Every structure is written in structure tokens, then in C-alpha cells.
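# Summary of the model geometry
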Amino acid sequence: DTAVSQTPKYLVTQMGNDKSIKCEQNLGHDTMYWYKQDSKKFLKIMFSYNNKELIINETVPNRFSPKSPDKAHLNLHINSLELGDSAVYFCASSQVGGHDREQYFGPGTRLTVT
Amino acid sequence: AQTVTQSQPEMSVQEAETVTLSCTYDTSESDYYLFWYKQPPSRQMILVIRQEAYKQQNATENRFSVNFQKAAKSFSLKISDSQLGDAAMYFCAFVNRDDKIIFGKGTRLHILP
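This write-up is about the structure you can find in this document. As the structure is a computational prediction, the values presented were derived from the model and not from experiment.

## Quick look at the pairing of strand E5 (residues 43-50) of chain A
Residue and element names in this part refer to chain A.
- Most of E5 sits inside the fold, with 7 of its 8 residues counted as buried.
- Judged from the 7 bridges that link them, strand E4 (residues 31-37) and E5 form a sheet pairing that is antiparallel. Looking across to E5, one finds that Thr31 is bridged to Asn50.
- As consecutive antiparallel partners, E4 and E5 are separated by 5 residues, and within that stretch Lys41 has a phi angle of approximately 75°, a positive value.

## Focus on the side chain of Gln25 of chain A
All names here are of chain A.
- Looking at the secondary structure, you find Gln25 in strand E3 (residues 19-25).
- In this structure Gln25 comes out as buried when scored by relative accessible area, which is 3%.
- Within the structure, Gln25 has its side chain in polar contact with the backbone nitrogen of Leu27 (distance 3.0 Å).
- Contact partners of Gln25, with chain neighbours within four places excluded, come to Ala3, Val4, Met32, Lys71, Ala72 and Ser93.

## Considering the pattern of salt bridges
- Counted according to the given criterion, the structure contains 6 salt bridges over all chains.
- Between Glu82 of chain A and Arg63 of chain A there is a salt bridge, with its nearest N and O atoms 3.5 Å apart. In this pair, Glu82 of chain A is assigned in the loop between strand E8 (73-78) and strand E9 (87-94) and Arg63 of chain A in the loop between strand E6 (53-57) and strand E7 (64-70), connecting sequence segments 19 residues apart.
- The closest approach of N and O atoms between Lys55 of chain B and Glu52 of chain B, which form a salt bridge, is 3.9 Å.
- Each member of the salt-bridge network shares a partner with another, and the members are Arg63, Glu82 and Asp85 of chain A.

## A closer look at the interface of chain B and chain A
- Counting residues at the interface gives 22 residues for chain B, matched by 28 residues for chain A.
- Taken over both partners, the interface formed by chain B and chain A buries close to 2000 Å², and the fraction arising from carbon and sulfur atoms is 52%.
- Connecting chain B to chain A are 1 salt bridge.
- Remark: the boundary between chain B and chain A carries 7 residue pairs in polar contact (both at pLDDT 80 or more).
- Of all the elements, strand E5 (residues 33-39) of chain B adds the most residues to the side of chain B that touches chain A, at 4 residues.
- A class-by-class count of the residues in the side of chain B that touches chain A yields 10 nonpolar, 4 polar and 8 charged.

## Quick notes on the nonpolar core
All names here are of chain B.
- Formed by 27 residues in total, the largest nonpolar core has its most connected members in Leu21, Tyr25, Trp36, Phe75, Leu77, Tyr90 and Leu109.
- Listing elements by their share of this core, those giving two or more residues are strand E2 (10-14), strand E3 (19-21), E5, strand E6 (46-52), strand E8 (64-69), strand E9 (74-79), strand E10 (88-95) and strand E12 (107-112).
- Excluding residues that lie within four positions of it along the chain, Leu21 makes contacts with Gln8, Met11, Trp36, Ser76, Leu77, Tyr90, Thr107 and Leu109.

Definitions and limits used
- Residues numbered from 1 in each chain as written.
- Chains lettered and ligands numbered in written order.
- Predicted model: local features only at pLDDT ≥ 70, side-chain atom pairs only at ≥ 80, totals over all residues.
- Heavy atoms only, no water.
- Buried < 20%, exposed > 50% of the residue type's maximum accessible area, 1.4 Å probe, protein only.
- Helix = DSSP H or I, 4+ residues; strand = E, 2+ residues; numbered from the N terminus.
- Pairing = 2+ DSSP bridges.
- Polar contact = N/O pair within 3.5 Å; in protein donor to acceptor, adjacent residues only side chain to side chain.
- Contact = heavy atoms within 4.5 Å.
- Salt bridge = Lys/Arg side-chain N within 4 Å of Asp/Glu carboxyl O.
- Buried area = accessible area lost by both parts, 1.4 Å probe.
- Nonpolar A, V, L, I, M, F, W, Y, C, P; charged D, E, K, R; others polar.
- Core = buried A, V, L, I, M, F, W, Y, C linked by side-chain atoms within 4.5 Å.

So, in C-alpha cells, the structure goes:
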């Protein structure tokens, strides 16, 4: 069973379009995250949600909007896509206050904006 | 603000040899966690090893071990008996009490046959 899953794994779209990436975790964790990994492999946190409540919102354009319908799901919607949005986006989950603090990552979504 | 620094963008090691990847971090907190993650070409992020800051004993997982120097804020990863499958990007990460994770910029490790 996949612990953290993301769909789609690859997404190619044109500038100006709106797209969504879905994430689901079956680990029973209460916190989920979105990360962006740029072409230089630098990983940066974008958002985190704890029990459907936004906890971390780093400096991200407001074209990016996370939505958490329940604590097992955290989707990322991106409006008016730009070339600079091309990257790999990772979803992750963890249990806040858990003894191991490990974050479990999804397989990533490679977004290419043309 | 917390920072994580990996000073070696790339490293190479001969198969079966030992290699050490360095990581330093900066924080004013005393309670935190440190991790090494591996990202092979498949791009999946895989946890290699974790260390709780309150534990003095260095963590070990099979061929992977860390040298955790809390006072020096250093957290290096040693890979013994390197194997071809160890070739990957390695990220050092710091997690604070609020569960915010900060990654270093990564070290690309090449294994030479």
C-alpha cells in the first residue's frame, strides 16, 4: 500500500492555464506539506496543514492555493501558470509531536510549463 | 532563523570504500531532530537515518552512521562499503519543535565502479 500518493506524476501544460495536484496519505498523520524542488534540486517548503488548518505559508505567490478537504488529503491548485512554476512538487506527511518527526514523501509531480 | 549547510555539492567514492558527507546547521533551539534523506534518480525521497538532538549516541543504520556534534552543530553522514545503489542526492534536514523542516542544498554522490 502506498503511504503518500500524488496524482499526476507528470503534468505538462501551457502558460496561463490552471492546474491541480492531488495528494493523499493513508498513514493517519495529522500534518501534510507541499514542497517545491527547483531545477537545482533545492527543496523548499511551501505550505503545511495540521488537521485541515493552515500552519505554514511560506512566501509563495497567491496563485498557489492549498486545499485540505480532510486530514488525509492536501491538494495544490495553481492559477495562471508561469514558466517559473516548472519544478517537481512533493507532498509529505508527518505526525506532529510524534516521537520520530519523520516526514513521509510522495513520489513527486513533475510540472512542466511551456 | 535556522539554516542547514551542505558544503560539498558533489562527491565521488570508489565502490566498497567509505565516504563522509558533511552538514552543519544553525539554531538557537536545544530540542530538534536531524535527518539524512536520499533522493535517487527515481526522485523518491527516502529517509536514511535520523538523530534526536537530546540523544548523545550517534545513530546507526546498517552501513550508514552519523557523527553528531551538538556543540559544533555538525551532523555528518558516513557511508561504509559504498555500493552502486548509494548513488543519489543526499539531503541533510533539520526539524524544529514546530515540525518545520529545513533542507540543505544537497550533495550529489557518485559511486565509481
